[in-house]
Amino acid sequence: MLTELVYCSVATRDMSAEGLKSLLDQSRQKNARLSVTGILLYSDQTREFIQLIEGEQDTIEQLMQVITVDDRHTSVDVMYQGNIKTRSFDDWSMAFRKLDDVDPQLMEGATTFQVDSLPATMLNGRTSRARTLLATLSKGL
């Protein structure tokens with residue numbers, strides 16, 4: 001059964017261009033081996049990651065166990081997990097976009113992804129907010 005999972009986290013240190021490239025290379029190789037697809041977003045300003053991964057449910061759950069203990073980030077927050085019929089990122093073992101390069105109007109009202117920093121009015125509908133943001137930011141990749 002295919003599933004998708006969206007999580008956010010905070011890098012434990014600043015990510016250099018080389019560090020991000022290394023992370024992406026490792027992720028892409030591993031994801032291709034595991035038949036996992038998705039997109040990774042990163043902000044230099046806040047050191048936050050948001051990632052959507054999709055694949056077989058058991059594989060995604062095992063991958064999240066590894067991601068949760070990865071020392072490159074902390075405060076891992078699963079925003080959404082659900083079954084899907086088709087992949088949204090089937091052409092990407094791991095698409096990537098830096099949030100700092102995105103037109104701010106595309107992210108109106110979304111300056112951070114961490115639960116404890118979101119206004120109460122945005123806590124409901126986190127699923128749709130995350131999916132909408134990821135779909136918008138993946139256009140043109």
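See the structure printed just above.
Note that the structure is predicted; figures quoted are calculated from it, not measured.

Undergrad: Just checking my understanding: could you explain the sheet that holds strand E3 (residues 48–56) for this structure?
TA: Within a sheet, each strand pairs with its neighbour through backbone hydrogen bonds, oriented either parallel or antiparallel. Across the sheet, five strands lie side by side as E4-E1-E3-E2-E5; this open sheet has mixed pairing. One side of each edge strand has no neighbouring strand; the edge strands of this open sheet are strand E4 (73–83) and strand E5 (95–98). Strand-to-strand twist of the sheet, defined as the mean angle between neighbouring strand axes without regard to direction, takes the value 15 degrees. In terms of strand pairing, strand E1 (residues 2–11) meets E4 through eight bridges, oriented antiparallel. Each bridged residue has a counterpart across the sheet, and for tyrosine 7 the counterpart in E4 is valine 78. Against the sheet, helix H1 (residues 17–34) touches strand E2 (37–43), E3 and E5, its axis set at about 160 degrees to E5. Packing of helix H2 (residues 57–69) onto the sheet brings it into contact with E1, E3 and E4, and relative to E3 it is tilted by some 150 degrees.

Undergrad: How do you make sense of the side chain of glutamine 51 when you look at a structure like this?
TA: Mapped onto the fold, glutamine 51 is located in strand E3. By relative accessible area, which is 6% here, glutamine 51 ends up buried. With near-sequence residues (within four places) excluded, glutamine 51 lies in contact with Leu5, Val6, Tyr7, Ile39, Leu40, Ile67 and Met94.

Undergrad: I would appreciate a short explanation of the nonpolar core in the present structure.
TA: The nonpolar side chains of a soluble globular protein tend to be buried, and buried together. Ranked by internal contacts, the top residues of the largest apolar core, which has 18 residues, are Met15, Leu40, Tyr42, Phe49 and Ile53. Sequence-distant contacts of methionine 15, that is, excluding residues within four places in its chain, are made with Leu20, Leu23, Tyr42, Asp44 and Phe49. Counting 11 residues, the second largest nonpolar core, distinct from the first, contains Val6, Leu41, Phe89 and Leu99.

Calculation notes
- Here the residue index of a chain counts from 1 through its sequence in written order.
- Local features in this predicted model are restricted to residues of pLDDT 70 or higher, and side-chain atom pairs are both shown and tallied only at a pLDDT of 80 or more, whereas totals for entire chains, interfaces and linings draw on every residue.
- In computing side-chain properties, one takes all heavy atoms of the structure into account and sets aside hydrogens as well as water.
- Should DSSP find at least two bridges between two strands, the strands are regarded as paired.
- Only runs of H or I of at least four residues qualify as helices and only runs of E of at least two qualify as strands under DSSP, and these elements are numbered from the N terminus.
- Lines fitted to the C-alpha atoms define the axes, with helices restricted to the stretch that makes contact. Angles between their N-to-C directions range from 0 to 180 degrees.
- Contacts between residues were defined by any pair of non-hydrogen atoms, one from each residue, lying within 4.5 Å.
- We call a residue buried when its accessible area falls under 20% of the maximum for its residue type, exposed when it is over 50%, and partly exposed in between, using a 1.4 Å probe and counting protein chains only.
- Side-chain atoms within 4.5 Å link the members of a nonpolar core, which is a set of buried Ala, Val, Leu, Ile, Met, Phe, Trp, Tyr and Cys residues.

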